[in-house]
Amino acid sequence: YKIPGYSLRNNIEIDDYYKGKIRASERKIQSKESLSVAAPKTAEVEHIHQLYLKSKIMQQSQSSKLLLKNNEKYMSQTIVISTEIMHPQNRNAHGKIFGGEIMRKAFELGYITAVSFLGERNTQFVAVDDINFLKPVNIGSIIMFNGMVTYSSPETNLVIVEVTVEQSEPGTMIKEQTNTLTYVFKKIATNNGNGNDTTIPTVVPMHYGEFISYLEGQRTHEEIKNDYINKK
């Protein structure tokens, strides 16, 4: 089946077309360099080691006091979970759950995760990065949405939130991942009487899986921040 083409009618559409083409090429390169298939880069390995040494020191000391003093949070402390059962009214033409329903619920949890991390409601949505549909979601399955802050930057006030979606069938409860979605949020400046307060916590990973999530979040931040700053 041949995908229909389309004509470009003006300069705006031409500009959008080539931006999309460049973006598609960049996505192909990024998929080959994804940490799920390739090892971290040399500079990233050094960064992981420094994070490991830092987390080791924190574990050996009164880590909760150090976290509070340095305005940091363990990555595991940022997790927000929601569990639902998928109903037939949300099915698509193929008898599976409509992808838009999964996206809506994942975004809501992503927003809640960002708000919980920042500790206040003045959280602004900035961008969607990756949305991956790995498996179809069955009607009647139990779905668990897991939101986690993987990276945050006090410099830009941007927060990267990853939402993973897992389904399990009643009776077996064997989990399988169906979706991963990455969102970018920003803390809006507030006036607390001492000027604009925009300081956000930084994230501290504790084990290898979290280090990889941290690096993925950092990559997303570096990719998004230049476009975001240029639009401000």
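Since we're looking at a predicted model, the values are computed, not measured.

Colleague: Can you help me understand the side chain of Thr 178 in this one?
Modeller: Positionally, Thr 178 belongs in strand E6 (residues 176-187). In this structure the side chain of Thr 178 is engaged in a polar contact, spanning 2.7 Å, whose partner is the side chain of Asn 179. Leave out the neighbours within four places in its chain, and Thr 178 touches Asn 132, Phe 133, Leu 134, Lys 135, Pro 136, Val 137, Val 165, Glu 166 and Gln 167.

Colleague: It is not clear to me how helix H4 (residues 99-118) should be interpreted in this structure. Could you clarify?
Modeller: Its 20 residues place the ends of H4 29 Å apart at the C-alpha level, agreeing with the 28 Å of an ideal helix rising 1.5 Å per residue. If you check which residues of H4 are buried, you get Gly 99, Glu 101, Ile 102, Lys 105, Ala 106, Leu 109, Gly 110, Thr 113, Ala 114, Val 115, Phe 117 and Leu 118. Directly after H4, the chain includes Gly 119, whose backbone phi takes a positive value near 80°.

Colleague: For this particular structure, what's the right way to read the side chain of Asp 129?
Modeller: The residue Asp 129 is located in strand E3 (residues 123-133) in this model. Polar contacts involving the side chain of Asp 129 include one to the side chain of Thr 220, which spans 3.0 Å.

Colleague: Would you explain the packing of aromatic side chains in this entry?
Modeller: In this description, an aromatic ring pair is defined by two values, namely the gap between the centres and the angle between the planes. Counting across every chain of the model gives 7 aromatic pairs. Plain terms: the ring middles of Phe 107 and Tyr 183 are 5.5 Å apart, the flat faces sit at 80° to each other, and that makes the pair edge-to-face. With a gap of 76 residues between them, Phe 107 in helix H4 and Tyr 183 in strand E6 connect regions that are remote in the sequence. Taking relative accessible area as the criterion, Phe 107 reaches 29% and is therefore assigned partly exposed. Exposure remark for Tyr 183: the relative accessible area of 3% places this residue in the buried category. Judged by centre distance (6.1 Å) and plane angle (35°), the ring pair of Phe 107 and Phe 185 falls under tilted. Linking Phe 107 in helix H4 with Phe 185 in strand E6, this pair joins segments that are 78 residues apart in sequence.

Colleague: Just checking my understanding: could you explain a nonpolar patch on the surface for this structure?
Modeller: There is a patch of nonpolar side chains on the surface, built from Met 103, Phe 125, Val 128, Ile 131 and Phe 133 and spanning about 400 Å² of accessible area. Within the secondary structure, Met 103 sits in helix H4. Overall, the relative accessible area of 32% leaves Met 103 in the partly exposed class.

Colleague: So what exactly am I meant to see when it comes to the pattern of salt bridges here?
Modeller: Within this structure, the stated rule accounts for 7 salt bridges. Across the pair Glu 13 and Arg 9 runs a salt bridge, and its minimum N-O distance is 2.8 Å. Look at Glu 13 and you get partly exposed, because its relative accessible area is 23%. A relative accessible area of 68% means that Arg 9 is categorised as exposed. Residues Arg 104 and Glu 101 are paired through a salt bridge, measuring 2.9 Å at the closest nitrogen-oxygen approach.

Calculation notes
Residues numbered from 1 in each chain as written. Predicted model: local features only at pLDDT ≥ 70, side-chain atom pairs only at ≥ 80, totals over all residues. Heavy atoms only, no water. Helix = DSSP H or I, 4+ residues; strand = E, 2+ residues; numbered from the N terminus. Polar contact = N/O pair within 3.5 Å; in protein donor to acceptor, adjacent residues only side chain to side chain. Contact = heavy atoms within 4.5 Å. Expected span 1.5 Å × (residues − 1). Buried < 20%, exposed > 50% of the residue type's maximum accessible area, 1.4 Å probe, protein only. Phe/Tyr/Trp six-rings, centres within 6.5 Å; stacked < 30°, edge-to-face > 60°. Patch = residues over 30% accessible without salt bridge, like charges linked within 9 Å, V, L, I, M, F, W, Y side chains within 5 Å. Areas by Shrake-Rupley, 256 points an atom, 1.4 Å probe, with all protein chains shown as cover. Salt bridge = Lys/Arg side-chain N within 4 Å of Asp/Glu carboxyl O.

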